[in-house]
Amino acid sequence: MGKRNLITSVVLGAIVGGAVSLLKKETREYVKTEISLAKGQMGYVVQNPTQSIRKLQSTIIETAEKASSSLDGTLNAVDQVESTINDIRREDQKKLN
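Rules used throughout
Throughout this description, residue numbers start from 1 for each chain and increase along the sequence as written. This being a predicted model, a pLDDT of at least 70 is required before a residue's local features are given, and a value of 80 or more before pairs of side-chain atoms are given or counted; all residues contribute to the totals for chains, interfaces and linings. Side-chain numbers here rest on the full set of heavy atoms in the structure, without hydrogens or water. For helices the rule is a DSSP run of H or I covering at least 4 residues; for strands it is a run of E covering at least 2, with both sets numbered from the N terminus onward. With the radius of gyration taken over C-alpha atoms, the globule rule is written as 2.2 Å times the number of residues to the power 0.38. In this scheme, a residue with accessible area under 20% of its type's maximum is buried, one over 50% is exposed, and one in between is partly exposed, where area comes from a 1.4 Å probe on protein chains only. The Shrake-Rupley method, run with a 1.4 Å probe sphere, supplies the accessible areas, and residue values consider only the shown protein chains as cover. His is not counted, nor are the chain ends, whereas Lys and Arg count as positive and Asp and Glu as negative. A charged residue contributes its charge at one atom only: NZ of Lys, CZ of Arg, CG of Asp or CD of Glu. The contact definition used throughout considers only heavy atoms, calling two residues in contact when any of these lie within 4.5 Å. Salt bridge criterion: a side-chain nitrogen from Lys or Arg within 4 Å of a carboxyl oxygen from Asp or Glu. pLDDT expresses how confident the predictor is about each individual residue, on a scale running from 0 to 100.

(A) Main features of the overall build of the chain. On a plain count of helices and strands, the chain comes out with three helices and zero strands. Listed by position from the N terminus, the elements making up the chain come as α-α-α. Over its C-alpha atoms the chain spans a radius of gyration of 27 Å, topping by over 25% the 13 Å that the globule rule assigns to 97 residues. When burial is assessed residue by residue, the chain has 1% of its 97 residues classed as buried. Element-wise, carbon and sulfur atoms account for 61% of the exposed surface of the chain, whose accessible area totals about 8,800 Å². On the chain, the mean spot of the 14 positive side-chain charges and the mean spot of the 11 negative ones are 14 Å from each other.

This is the structure:
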């Protein structure tokens, strides 16, 4: 019951907030412009589905490659930190013995 009331309140708040924000003319113009751009993009996707899918696929592959590269760099940094910590431990052990 509480979860349902929360979701209902959030949705109603979003609707009221959106409606209030449209009271300003510049906001209405911005929304109109963005809707027009979205319509144009959707029209392109509908007319060229194969090309749109290829673009999406290449974007996903490029993003995955960048993420993989970043992950490799992060893993290398972690390895260096681990190596440094191990070196420090060895030096401390030598000093204790």
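Alright, that's what it looks like, and here's the rest.
(B) Main features of the side chain of S52. Summarising the element assignment, S52 is placed in helix α3 (residues 49-96). Judged by its relative accessible area of 14%, S52 is buried. With near-sequence residues (within four places) excluded, S52 lies in contact with Y44 and V45.

(C) Geometry of the pattern of salt bridges. One pass over the full model with this rule turns up three salt bridges. A salt bridge links K32 to E29, with the nearest nitrogen and oxygen atoms 3.8 Å apart. Of the two residues, K32 and E29 both sit in helix α2 (residues 25-47), three residues apart, roughly one turn of that helix. The partner of D87 in a salt bridge is R90, and the shortest N-O contact between them spans 2.7 Å. Here the residue D87 and the residue R90 both occupy positions in helix α3, the gap between them amounting to three residues, near one helical turn. On the accessibility criterion, D87 (35% relative accessible area) is partly exposed.

(D) Seen up close, the confidence of the model for the chain. Confidence in the prediction of the chain, expressed as mean pLDDT, is 89, and 99% of residues score 70 or more. α3 holds the highest mean pLDDT among the elements of the chain, 91, whereas helix α1 (residues 2-21) holds the lowest, 88.

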